[in-house]
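A structural walkthrough
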Amino acid sequence: MALLRSVSLLVFVLALGAQALTPSHYLAASDVDRLQAVLSQPFTDLKSAYFSIVGLSKLGVSVADSNDACSFIKANLDSSSIEALFYAAEASQALPSCEIHVSNETRDLLHAAVSEDSTVSQIHQAVSALSSLGLPLASQEVVSALKARISKEDNVVAITLALQTASRLSQQAELGEILEEIEDLAARLDDLGGVYLQFEEGLEATALFVSAAYALSDHVDVEPPLKEDQVIQLVNSVFSKKSWDSLSEAFSVASAAAALSNNRFHKPVVVSAVGPATVSHSQPLLQLQVTDVLCQPLSSADVLVESATSVTSKAAILSQTPFTLRDGIFELNFMASKPASGYYQFSVAVTGDTRLVANHVELKVKVSTKVAINNMDLSVVDKDQSIGTKTTRVEYPNKAKASFIADSHQNFAMTFQLVDDTTGVELTPHQTFVRLHNQKTGQEVVFVAEPDSKNLYKFELDTAERKTEFDSISGTYALYLMVGDATLENPVLWNVADVVLKFPDEEAPSTVQSKNLYVPKPEIQHLFREPEKRPPTVLSNTFTALVLSPFLLLLILWFKLGANISNFSFSPSSVLFHVGHAAMLGLMYVYWTHLNMFQTLKYLAIVGSLTFLAGNRMLAQKAVKRIAAEQSSRLAKYRSLR
Amino acid sequence: MSHSVVAVISRFLEEYRSSTSNKLKVIDAYLLYILLTGAFQFLYCLLVGTFPFNSFLSGFISSVGSFILAVCLRIQINPQNKGDFLSVSPERAFADFLFAHTVLHLVVVNFIG
């Protein structure tokens, strides 16, 4: 129930009013319980004890066993550590009767920590410890130390701690400058979509800022410079997370919640409906929960409906009507004003405390009702209207005794009225369907029944005209009336009668093929690509022989011309050349059969360069021989001429 | 008409037989061989079809390329053309012929599939 309520609360969307934002995230009762459970975990060390004890005290809950807690603190206290003193002092202050005795050395240690040389965190811890232990401290010194440190440590966490420290100081000290830091820090908040306002350092920093800002503002009695919308945005940010990663995060959320629910200036209000915002004759009360951020009811507040208007007709039903408080829930008997069924826009105002923020809320309320079907008349009318109609009246929820027969010359007609069960007002629900279901074939056809100007519903079935919808299948059809609407409590499915329809000719197949989409389809056989048709081997072989035959011719011709290799000189270069050349040709063949281009190029480079060098040498030798021969022949010619 | 054609042809053949050196005749025989090889490949393609088209192309291009290179060699070797090819000795022409053939055969074998 609490979960359902929190879920509905979370899903609850509040219209962004023209004036102000309302919280979209807040702690429901279950969230508060969960926060408490997190903070009630057994202590592991002094720090966790501090978070648990002080956190629970902020929620207004006391620790399970305070004596145990007190002895735990005393046992784990290390008097030489300022941090430990801080945790112990704060925790003991929160427990009912737990006193920690400190020696003079400890006190001097704490006083020494208040200087410009310590970090803001150390100053904060020292000052808080001194304050909680009831020891005197020099506020002005603290102020000057803080001012000096703030200018050096300009981050969000440090300034927040400074604010928190200042709230523990004497009111006579000059806290004005530190107070201004609230405004500067608020300017650093990131606005996310107009809904959230948070530091980029995260949830914990934002929550601690909220608690520190309100602590200091309350202390000096100066309103914090936060606009109402900003306060609500901070509420959304801090309470957007409903389960917390660490104890420190839970503690920061508890501090912020305590600060927001109990400070002198701003008190955010959370208004939500108990369950769905619906009223009806059986449940005539509209119940609202009006709480602060810690889900504590605002019993002293006055809740008022400023106006309630119907969404459809824009007529105002209520104006300035108060809610009555009963058991922490604000109630209003809306049905007493006899609203018609439908949706209503409520504008609710919560007053009674000047601190209240986001106290104007818009709410959408549904009024639902029960429907009754009157004057259900069924008849079979002849098209030429020569035979008088015979009307049969059927009472809900009975079924007509006789079935109606309509063939292609007749129309089947149905009229009825839909009225509100209690008030008798005519209704026009969203869904009024007439369904005809053939029991044998499982076919169904649905039509819409339309109201005329007097809100009388009529349905006419022209057998000849509508035969395509029925696939011209004659037979007995069960007739159902279906009525439904969001504002109806009792949707209707009523088997009114059986209708036998006779269609002119059986054009359709005698058996209706049930459109079953999920049967296995015929298997597709994959056709692999047919290899191309090759010519017969004989032909190929013939042409191979033909193409190779000119080589024979060449050999014959060369032989006839007398080409020979008698001049072959067996010099190393020519031998190497011919071997290399033969190797290159062999490489071509191997390339065709085995290798790829890269490998071939590699081998070709090696063999080719060898062949080239050898061939170069060989041809040079030949050239020398040729030139010598030419010269000697020229010489011989010259000599013979002479 | 045909009589004169025959006369021209026989005269040409007679001239050829007498005036061309043996070396050139050797190359001419080679040219004839290449020509016939190419022609027979083309004939096959016309009659039977271009089924392994890449093979046909590579074979045909091989024939055509070899023919062209051999013609170049013949031109460069011919002593009557010496004036046009002062920087190219017959040996150089032969070396070019071999190199060009290597490249041609590389491409042909790559494409033959």
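What counts as what
- Residues numbered from 1 in each chain as written.
- Chains lettered and ligands numbered in written order.
- Predicted model: local features only at pLDDT ≥ 70, side-chain atom pairs only at ≥ 80, totals over all residues.
- Heavy atoms only, no water.
- Helix = DSSP H or I, 4+ residues; strand = E, 2+ residues; numbered from the N terminus.
- Buried < 20%, exposed > 50% of the residue type's maximum accessible area, 1.4 Å probe, protein only.
- Contact = heavy atoms within 4.5 Å.
- Areas by Shrake-Rupley, 256 points an atom, 1.4 Å probe, with all protein chains shown as cover.
- Pairing = 2+ DSSP bridges.
- Salt bridge = Lys/Arg side-chain N within 4 Å of Asp/Glu carboxyl O.
- Axes fitted to C-alpha atoms, helices over the stretch in contact; angles between N-to-C directions.
- Parallel < 35°, antiparallel > 145°, perpendicular 65-115°, else oblique.
- Left-handed = near helix turned anticlockwise from the far one by under 90°.
- 1 Å grid on protein atoms, 1.4 Å probe; cavity = no way out; pocket = protein on both sides within 12 Å on 5 of 7 lines; lining within 4 Å.
- Points joined across faces, edges and corners; volume = space filled by probe spheres on them.
- Nonpolar A, V, L, I, M, F, W, Y, C, P; charged D, E, K, R; others polar.
- pLDDT = per-residue confidence, 0-100.
- Buried area = accessible area lost by both parts, 1.4 Å probe.
- Polar contact = N/O pair within 3.5 Å; in protein donor to acceptor, adjacent residues only side chain to side chain.
- Core = buried A, V, L, I, M, F, W, Y, C linked by side-chain atoms within 4.5 Å.
- Disulfide = S-S within 2.5 Å.

Things to note about the overall build of chain B
- Within chain B, the secondary structure is distributed over four helices and zero strands.
- Classification of the 113 residues of chain B by burial places 34% in the buried group.
- Considering only residue pairs separated by 6 or more positions, chain B has 70% of its internal contacts joining residues 24 or more positions apart.
- For chain B, the exposed surface amounts to about 6,900 Å²; the carbon and sulfur share of it is 71%.

Looking at the sheet that holds strand β14 (residues 371-382) of chain A
Residues and elements named next belong to chain A.
- Read across the sheet, five strands follow the order β15-β14-β17-β21-β20 without closing on themselves; strand pairing throughout is antiparallel. If you trace the sheet from one side to the other, it starts and ends with β15 (390-394) and β20 (450-451), each paired once.
- One ladder, built from 10 bridges, connects β14 with strand β17 (residues 410-420); its direction is antiparallel. Pairing of aspartate 377 across the sheet is with threonine 415, part of β17.

Overview of unusual backbone geometry
Residues and elements named next belong to chain A.
- Here the bond from tyrosine 396 into proline 397 is cis, since omega is -5°, no more than 30 degrees from zero.
- With respect to the helices and strands, proline 397 occurs in the loop between β15 and β16 (404-406).
- Residue lysine 314 is not a glycine yet carries a positive backbone phi of 55°.
- In this structure, lysine 314 sits in the loop between β7 (302-310) and β8 (316-322).
- For alanine 358, which is not glycine, the phi torsion reads 60° and is therefore positive.
- Position of alanine 358 relative to the elements: it lies in the loop between β12 (356-357) and β13 (360-367).
- Overall, the relative accessible area of 3% leaves alanine 358 in the buried class.

Some thoughts on the pattern of salt bridges
Residue and element names in this part refer to chain A.
- By the definition in use, this model includes 20 salt bridges over all chains.
- Ionic pairing is found between arginine 188 and aspartate 154, a salt bridge with its closest N-O pair at 3.2 Å. Separated by 34 residues along the polypeptide, arginine 188 in the loop between α10 (176-187) and β1 (190-192) and aspartate 154 in the loop between α8 (139-152) and α9 (156-166) bring together distant segments of the chain.
- For aspartate 154, a relative accessible area of 48% puts it in the partly exposed group.

Remarks on the packing of helix α5 (residues 82-94) of chain A against helix α7 (residues 120-132) of chain A
All names here are of chain A.
- The geometry of α5 relative to α7 is characterised by a closest axis approach of 8 Å and an angle of 40° between their N-to-C directions. It follows from the interaxial angle that α5 and α7 lie oblique. The way α5 lies across α7 gives a crossing that is left-handed. Seen from α5, the contacting residues are Ile82, Glu83, Leu85, Phe86, Ala89, Glu90 and Gln93; seen from α7, they are Gln122, His124, Gln125, Ala126, Ser128, Ala129 and Ser132.

What about the layout of surface pockets?
Residues and elements named next belong to chain A.
- The computed volume of the second largest pocket comes to approximately 980 Å³.
- Every residue lining the second largest pocket is counted, 38 residues in all, and those nearest its centre are Tyr50, His124, Gln164, Leu208 and Phe251.
- Those elements giving two or more residues to the lining of the second largest pocket turn out to be α3 (46-58), α5, α7, α9, α11 (203-220) and α13 (247-261).
- By residue class, the composition of the lining of the second largest pocket is 16 nonpolar, 15 polar and seven charged.

Overview of the side chain of His101(B)
- Tracing the backbone shows His101(B) in helix α4 (residues 90-112).
- Setting aside anything within four residues of it in sequence, one finds His101(B) in contact with Tyr30(B), Ser66(B) and Leu69(B).

Re the sheet that holds strand β19 (residues 444-448) of chain A
Residues and elements named next belong to chain A.
- On the basis of which strands lie adjacent, the open sheet formed by five strands has the order β16-β23-β22-β18-β19 and mixed pairing. Looking at which strands have only one partner, the edges of the open sheet turn out to be β16 and β19. Taking each pair of neighbouring strands and ignoring which way they run, the sheet shows an average axis angle of 30°.
- In this sheet, strand β23 (residues 492-501) lies alongside strand β22 (residues 475-484) in antiparallel orientation, the contact comprising nine bridges. In the sheet register, alanine 478 faces β23, and the bridge partner there is aspartate 498.

Digging into the confidence of the model for chain B
- Residues at a pLDDT of 70 or more form 98% of chain B, whose mean pLDDT is 88.
- No element of chain B has a lower mean pLDDT than helix α1 (residues 2-19) of chain B, at 87, and none a higher one than helix α3 (residues 53-77) of chain B, at 93.

Considering the interface of chain A and chain B
- Taken residue by residue, the interface counts 32 residues in chain A and 30 residues in chain B.
- Of the roughly 2,800 Å² buried at the junction of chain A and chain B (both faces included), carbon and sulfur atoms supply 80%.
- Interface area lost by chain A to chain B is led by Phe543(A), Leu561(A) and Leu619(A), which between them contribute 20%.
- Across the pair Glu91(B) and Arg626(A) runs a salt bridge whose closest N-O atoms are separated by 3.0 Å.
- Counting across the chain A and chain B interface gives four residue pairs in polar contact (both at pLDDT 80 or more).

As for the side chain of Ser573(A)
- As for its position among the elements, Ser573(A) is in helix α15 (residues 572-593).
- Filtering out sequence-adjacent residues up to four positions away, Ser573(A) remains in contact with Ala614(A), Arg617(A), Met618(A) and Gln621(A).

Focus on the pairing of strand β11 (residues 342-351) of chain A
Residues and elements named next belong to chain A.
- Counting buried residues in β11 gives seven out of 10 residues, a clear majority hidden from the surface.
- Summarising the sheet, β11 and β13 pair through eight bridges and their orientation is antiparallel. Within the sheet, the bridge partner assigned to alanine 349 lies in β13 and is histidine 360.

As for the nonpolar core
All names here are of chain A.
- Within the largest apolar cluster, 89 residues are counted, with the highest numbers of intra-cluster contacts made by Leu35, Phe209 and Phe239.
- Those residues in contact with phenylalanine 209 that lie beyond four places of it in its chain are Thr160, Leu163, Ile182, Leu185, Ala186, Leu189 and Phe199.
- Met376, Val380, Ala406 and Trp494 belong to the second largest nonpolar core, which has 36 residues in total.

Structural notes on the state of the cysteines
Residues and elements named next belong to chain A.
- Throughout the structure, instances matching the rule amount to one disulfide over all chains.
- Here cysteine 70 pairs with cysteine 98 through a disulfide, and the sulfurs are 1.8 Å apart. Its S-S torsion of about 90° marks the bond between cysteine 70 and cysteine 98 as right-handed, since a negative value means left-handed. Of the two residues, cysteine 70 sits in helix α4 (residues 66-76) while cysteine 98 sits in the loop between α5 and α6 (104-113), which places them 28 residues apart along the sequence. Cysteine 98 carries the same exposure label as cysteine 70, and that label is buried.

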